[in-house]
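# Inside the fold
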Amino acid sequence: MEDAQKGFAGTFFLRAMETRFACKRYAAKPLESDDIKYILECGRLSPSSFGLEPWTFCTIGNRELMESLGAACFGQEAVSSAALAVCILVEKEKAFEPGSDFLKQRSARFPGGYSVFLEDYRGYYEFLRSQDRILSWSRSQAYIAAANMMTGAKALGLDSCAIEGFAEGEVLGILGASAEEKTVGLIVVFGYGDETPREKIREPPEAIIRLIS
Ligand SMILES: Cc1cc2nc3c(=O)[nH]c(=O)nc-3n(C[C@H](O)[C@H](O)[C@H](O)COP(=O)(O)O)c2cc1C
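Presented here is a report on the structure given in the accompanying data block.

## Looking at the overall build of the protein
Along the protein, the regular secondary structure elements total nine helices and four strands. From first element to last, N terminus to C terminus, the protein shows the α and β order α-α-β-α-α-β-α-α-α-β-α-β-α. Principal-axis analysis of the C-alpha atoms gives the protein an extent of 50 × 50 × 35 Å. For the protein, with 213 residues in total, the buried portion stands at 30%.

Take a look at the structure:
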């Protein structure tokens, strides 16, 4: 990339990071369908452990359903007033067992296919399983996609908020998803903010960065 282009892209990205804030109230204005596609593309292109993409991005834009989702998120206005919610469902333990249909389908896309994939994967899977960490590992993938979608949305001038406060059973019920197969990783809501952006509260670099040499 040319220096000038790099400078522009870097500045633009940082500007989106600086101006994104957790928006708690949205105007009653629907999102453009191209903007929704863009946000979802930011999620789809996100990296995931072993490239497994254990997520399903369930979108809700319908007012009635948004009200129900808001209630399932303990009445948070950020949810009920938003124009769009992306509920990121992730796979549960069963999907990650060597031999599962999910694993076979995902790994068949990689060079060498399932058998080569398994050589690499099995050890890490057994390690996570021995520590009972499969579910938290799966859920953590949702956070990366969520971050990319939120920054991507800000690059379009849209506001967002990550939502971790939800009653999982109720959310799965609204989405018609099976609690045996999926868990809710995270919900992210989007829209045109209807509040003054809050100033960022962040620790200075020296408080959170340690240079080990
Ligand atoms: C994983 C995660 C879950 C969050 N859950 C909620 C939530 O349920 N409700 C809410 O109002 N804000 C939620 N937030 C927003 C945070 O409170 C907010 O991002 C944080 O205070 C930093 O502020 P900023 O995003 O405006 O910079 C969540 C943020 C993250 C990253």
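From this point, things continue past the structure.
## Topic: the site of the ligand
In the vicinity of the ligand there are 13 residues, among which Phe 21, Ala 22, Ala 162, Glu 164 and Gly 165 approach most closely. Among the elements that line the shell around the ligand, the one with the most residues is strand S3 (residues 159-163), at three residues. Residue composition of the shell around the ligand, grouped by class: seven nonpolar, two polar and four charged.

## A few points about the packing of helix H3 (residues 63-72) against helix H8 (residues 168-175)
It is at 9 Å that the axes of H3 and H8 come closest, and there the two elements cross at 165°. In terms of orientation, H3 and H8 fall into the roughly antiparallel class. The way H3 lies across H8 gives a crossing that is left-handed. Seen from H3, the contacting residues are Leu 65, Ser 68, Leu 69 and Ala 72; seen from H8, they are Glu 170, Val 171 and Ile 174.

## Quick notes on the sheet that holds S3
Strand order in the open sheet formed by four strands is S1-S2-S4-S3, with antiparallel pairing between adjacent strands. The sheet is open, and its two edges are formed by strand S1 (55-60) and S3, each paired on a single side. Sheet twist, expressed as the average angle between the axes of neighbouring strands with direction ignored, equals 20°. Pairing analysis gives six bridges linking S1 to strand S2 (residues 84-91), with the strands arranged antiparallel. Counterpart to Thr 56 in the pairing with S2 is Leu 89. The sheet strands contacting helix H2 (residues 33-44) are S1, S2 and strand S4 (182-191), and the helix crosses S1 at an angle near 160°.

Calculation notes
- Residues numbered from 1 in each chain as written.
- Predicted model: local features only at pLDDT ≥ 70, side-chain atom pairs only at ≥ 80, totals over all residues.
- Helix = DSSP H or I, 4+ residues; strand = E, 2+ residues; numbered from the N terminus.
- Buried ≥ 20, exposed ≤ 12 C-beta atoms within 10 Å, placed from the backbone.
- Near = placed C-beta within 6 Å.
- Nonpolar A, V, L, I, M, F, W, Y, C, P; charged D, E, K, R; others polar.
- Axes fitted to C-alpha atoms, helices over the stretch in contact; angles between N-to-C directions.
- Parallel < 35°, antiparallel > 145°, perpendicular 65-115°, else oblique.
- Left-handed = near helix turned anticlockwise from the far one by under 90°.
- Contact = placed C-beta atoms within 7 Å.
- Pairing = 2+ DSSP bridges.

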